[in-house]
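Working through the structure, step by step
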Amino acid sequence: MGNPVTFFEVVGRDVEVLQSFYRDAFDWRIRPFTPIPNYNVVRTGAEGDITGGVGPAYDSGLGHATFYVGVANLEEALSKVESLGGRKVMGPVDVPEGPSFALFTDPEGHLVGLFKV
C-alpha cells in the first residue's frame, strides 16, 4: 500500500495576506495553532479533506507551497530519500501534543514534508 498525502502547507513572508487570500478564495476555515507563532491550521470543509497550514516561511523568507506524505518511520524515510538523491532539510521534529514531521528536498530542490502516521 502506498503512502498517502496527509497535510499541505503554504508559507511566506506576509502570513496575514496569505491567510486572507486562502480563506476568501476558497472559503477555508483558518484558526491559530498556538505552538508555532503566526501559524494557522486550515480545514477546507470538503468531505474527506486533509488538514493544512498557513504560516511564516522557515528559511530566508522565500515562500512555498508543499505537501506532506504520511510514513510510519521518519528516520527511515529520510534515509531512503537521501539514498535516492534527496536532501534532509529539517527534523524529525516532535510538535508538543501534535504530529512529528520532517522536511526534505527532492533531487531538483522541491521541498516535501513527511508526517509520522
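Higher on the page you've got the structure.
In this text the structure is predicted, and so the values were computed from the model without any measurement.

Bringing the nonpolar core into the picture now. Ranked by size, the top nonpolar core spans ten residues in total: Val-69, Val-71, Leu-74, Ala-77, Leu-78, Val-81, Ala-102, Phe-104, Val-112 and Leu-114. Those elements that place two or more of their residues in this core are β5 (64–71), α2 (74–83), β7 (100–105) and β8 (111–116). Not counting the four nearest positions on each side in its chain, Leu-74 is found in contact with Pro-92, Ser-100, Phe-101, Ala-102, Leu-114, Phe-115 and Lys-116.

Our focus in this paragraph is helix α1 (residues 15–26). Over its twelve residues, α1 extends 16 Å from the first C-alpha to the last, a length consistent with the 16 Å expected when each residue adds 1.5 Å. Every buried residue of α1 is listed here: Val-15, Leu-18, Gln-19 and Tyr-22. Projected onto a plane normal to the axis of α1, the buried residues spread over an arc of 100° and lie on a single side. In α1, the exposed residues that point more than 90 degrees away from the buried face are Glu-16, Val-17 and Asp-24. If you follow the buried residues of α1, they end up packed against β1 (5–12), β2 (29–32), β3 (40–43) and β4 (51–56).

Moving on, we get to the pattern of salt bridges. In this structure the tally under the stated criterion is two salt bridges. Where Asp-24 meets Arg-23, a salt bridge forms, and the shortest distance between an N and an O atom there is 3.7 Å. Judged by its relative accessible area of 34%, Arg-23 is partly exposed. In this structure, the salt-bridge partner of Asp-49 is Arg-43, at a minimum N-O distance of 2.5 Å. You can call Arg-43 partly exposed: its relative accessible area is 31%.

Glancing now at α2. What α2 keeps buried is the set Leu-74, Ala-77, Leu-78 and Val-81. One side of α2 holds all its buried residues, which, seen down the axis, span an arc of 100°. In α2, those exposed residues whose orientation departs by more than 90 degrees from the buried face are Glu-75, Glu-76, Lys-80 and Ser-83. Packing partners of the buried residues in α2 comprise β5, β6 (87–94), β7 and β8. The N-cap residue of α2 is Asn-73: its side-chain oxygen and the backbone nitrogen of Glu-75 are 3.1 Å apart. Following α2 by one or two positions, Gly-85 has its phi on the positive side, about 105°.

Here we come to the environment of Val-10. Checked against the element boundaries, Val-10 lands in strand β1. Each C-alpha atom of the pair Val-10 and Arg-87 lies 20 Å from the other, and the pair is 77 residues apart in sequence. In this structure Val-10 touches Leu-18, Tyr-22, Gly-53, Val-54, Gly-55, His-64 and Ala-65, once residues within four positions along its chain are discounted.

The rules behind these values
Residues numbered from 1 in each chain as written. Predicted model: local features only at pLDDT ≥ 70, side-chain atom pairs only at ≥ 80, totals over all residues. Heavy atoms only, no water. Core = buried A, V, L, I, M, F, W, Y, C linked by side-chain atoms within 4.5 Å. Buried < 20%, exposed > 50% of the residue type's maximum accessible area, 1.4 Å probe, protein only. Helix = DSSP H or I, 4+ residues; strand = E, 2+ residues; numbered from the N terminus. Contact = heavy atoms within 4.5 Å. Expected span 1.5 Å × (residues − 1). Arc of directions from axis to C-beta. Salt bridge = Lys/Arg side-chain N within 4 Å of Asp/Glu carboxyl O. Polar contact = N/O pair within 3.5 Å; in protein donor to acceptor, adjacent residues only side chain to side chain.

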